[in-house]
Amino acid sequence: MDAKPSLLLRATRPEDAEALADLMNLPGVRRGTLRLPFQSPQEVRKWIEGRQPGDLGLVALLDGKLVGNIGLRRHAGRRAHAAEFGMAVHDDFRRRGIGSMLLDALIDSAERWLGVRRLELTVSFDNEPAIALYRKFSFETEGVLRAYAFRDGAFIDAYTMARLARL
Ligand SMILES: CC(C)(COP(=O)(O)OP(=O)(O)OC[C@H]1O[C@@H](n2cnc3c(N)ncnc32)[C@H](O)[C@@H]1OP(=O)(O)O)[C@@H](O)C(=O)NCCC(=O)NCCS
């Protein structure tokens with residue numbers, strides 16, 4: 001009998017750059033995020049190494065293969081209680097609970113260990129899987145950002161969503 005595949009979450013490391021670039025270059029990930037086309041491992045490595053204190057980066061590994069990531073960026077000064085995040089799951093490994101595990105870990109770390117009160121994000125108006133995931137985790141839509149980003153030849157609107165910690 002085959003062993004059950006094991007999913008591990010851990011901090012992002014600079015040596016993940018190559019696998020993360022592969023993930024970022026997948027068509028579904030590019031479409032759902034603001035990633036530029038043809039990301040190189042060197043660019044991704046710089047991005048990983050450019051994290052500020054208080055930022056958080058996690059990857060999901062399924063039997064050692066990098067299948068997802070999530071990153072938190074905390075704001076400063078009078079917005080220090082707020083943080084934004086972005087996430088992606090490998091095109092071939094969606095709808096298996098990986099996004100939920102990543103988001104659950106991020107919310108737990110942000111709210112219960114970093115004292116973040118407000119988690120915020122933007123999402124393309126038609127990214128139904130992501131919007132459904134965020135609603136499942138009690139994010140609420142706060143507004144529409146018109147012509148927010150350029151995607152596949154057209155400007156698209158985005159929603160801004162947020163979740164307030166109930167501590
Ligand atoms: C959004 C994304 C992270 C979801 O990851 P995932 O691993 O597929 O999510 P999960 O399997 O944990 O699903 C969690 C919930 O999300 C919702 N969901 C996920 N995929 C869905 C789909 N195709 N249609 C409708 N709802 C969906 C459901 O509510 C689901 O809960 P359920 O399975 O109990 O019904 C993934 O689709 C992705 O990486 N997309 C490309 C990049 C992207 O859009 N990132 C977000 C930028 S804002």
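Above this text is the structure in question.
Rules behind the numbers
- Residues numbered from 1 in each chain as written.
- Predicted model: local features only at pLDDT ≥ 70, side-chain atom pairs only at ≥ 80, totals over all residues.
- Heavy atoms only, no water.
- Near = heavy atom within 4 Å.
- Polar contact = N/O pair within 3.5 Å; in protein donor to acceptor, adjacent residues only side chain to side chain.
- Helix = DSSP H or I, 4+ residues; strand = E, 2+ residues; numbered from the N terminus.
- Nonpolar A, V, L, I, M, F, W, Y, C, P; charged D, E, K, R; others polar.
- Pairing = 2+ DSSP bridges.
- Core = buried A, V, L, I, M, F, W, Y, C linked by side-chain atoms within 4.5 Å.
- Buried < 20%, exposed > 50% of the residue type's maximum accessible area, 1.4 Å probe, protein only.
- Contact = heavy atoms within 4.5 Å.
- Phe/Tyr/Trp six-rings, centres within 6.5 Å; stacked < 30°, edge-to-face > 60°.
- Lys NZ or Arg CZ within 6 Å of the ring centre and 35° of its normal.

Enquirer: Explanation requested: the site of the ligand in the structure shown.
Expert: Surrounding the ligand, one finds 22 residues, the nearest of these being Val89, Arg95, Gly99, Ser100 and Asn127. At 2.8 Å, a backbone N or O of Met87 approaches a nitrogen atom of the ligand. Arg96 places a main-chain nitrogen or oxygen 3.2 Å from an oxygen atom of the ligand. Breaking the shell around the ligand down by element, the ones donating at least two residues are helix H2 (27-32), strand E4 (82-89), helix H4 (98-113), strand E5 (118-124) and helix H5 (128-136). Take the shell around the ligand: its biggest share by element is 6 residues, from H5. Residues belonging to the shell around the ligand are distributed by class as follows: 10 nonpolar, 8 polar and 4 charged.

Enquirer: Sorry if this is basic, but what is going on with the pairing of strand E7 (residues 154-164) here?
Expert: Across a regular strand the side chains alternate sides, sitting on one face of the sheet and then on the other. Here E5 pairs with E7 via 7 bridges, running antiparallel. Bridge pairing in E7 places Val123 opposite Tyr159.

Enquirer: Explain the environment of Asp152 to me, please; I cannot follow it from the model alone.
Expert: Note that Asp152 resides in the loop between strand E6 (140-151) and E7. Residues Asp152 and Arg31, 121 residues apart in the sequence, show an inter-C-alpha distance of 7.9 Å.

Enquirer: I keep staring at the nonpolar core and nothing clicks. Help me out?
Expert: The tendency in soluble globular proteins is for nonpolar side chains to be buried side by side. If you look at the biggest cluster of nonpolar residues, it comprises 28 residues, and the most contacted ones within it are Phe85, Leu103, Leu119, Tyr134 and Phe139. At the level of elements, strand E2 (56-62), strand E3 (65-74), E4, H4, E5 and H5 are the ones that each hand at least two residues to this core. No other element matches H4, which puts 6 residues into this core. Setting aside anything within four residues of it in sequence, one finds Phe139 in contact with Phe85, Leu103, Ile107, Leu119, Leu121, Tyr134, Met161, Ala162 and Arg163. Core analysis: the next-biggest nonpolar cluster, separate from the first, contains 13 residues, Val29, Ile48, Leu61 and Leu66 among them.

Enquirer: Is there a simple way to explain the packing of aromatic side chains in this structure?
Expert: Centre-to-centre distance and the angle between the planes together describe a pair of aromatic rings. As enumerated under the stated definition, the model contains 4 aromatic pairs in all. Considering the side-chain rings of Phe85 and Tyr134, the 5.8 Å spacing of their centres and the 85 degrees angle between planes classify their relative orientation as edge-to-face. Of this pair, Phe85 sits in strand E4 while Tyr134 sits in helix H5, and the two are 49 residues apart along the sequence. Note on accessibility: Phe85 and Tyr134 belong to one class, buried. Among the aromatic residues, those joined into a ring-pair cluster are Phe85, Tyr134 and Phe139. Between the NZ or CZ atom of Arg30 and the centre of the ring of Phe38, over which it lies, the distance is 5.4 Å.

Enquirer: Even after reading the chapter, I still don't get the environment of Ile131, so can you show me in this structure?
Expert: Among the secondary structure elements, Ile131 is positioned in helix H5. On the basis of relative accessibility, which here comes to 7%, the residue Ile131 falls in the buried class. For the pair Ile131 and Ala158, spaced 27 residues apart in sequence, the C-alpha to C-alpha distance is 11 Å. Excluding anything up to four places from it in sequence, Ile131 contacts Val123, Ser124, Phe125, Tyr159 and Met161.

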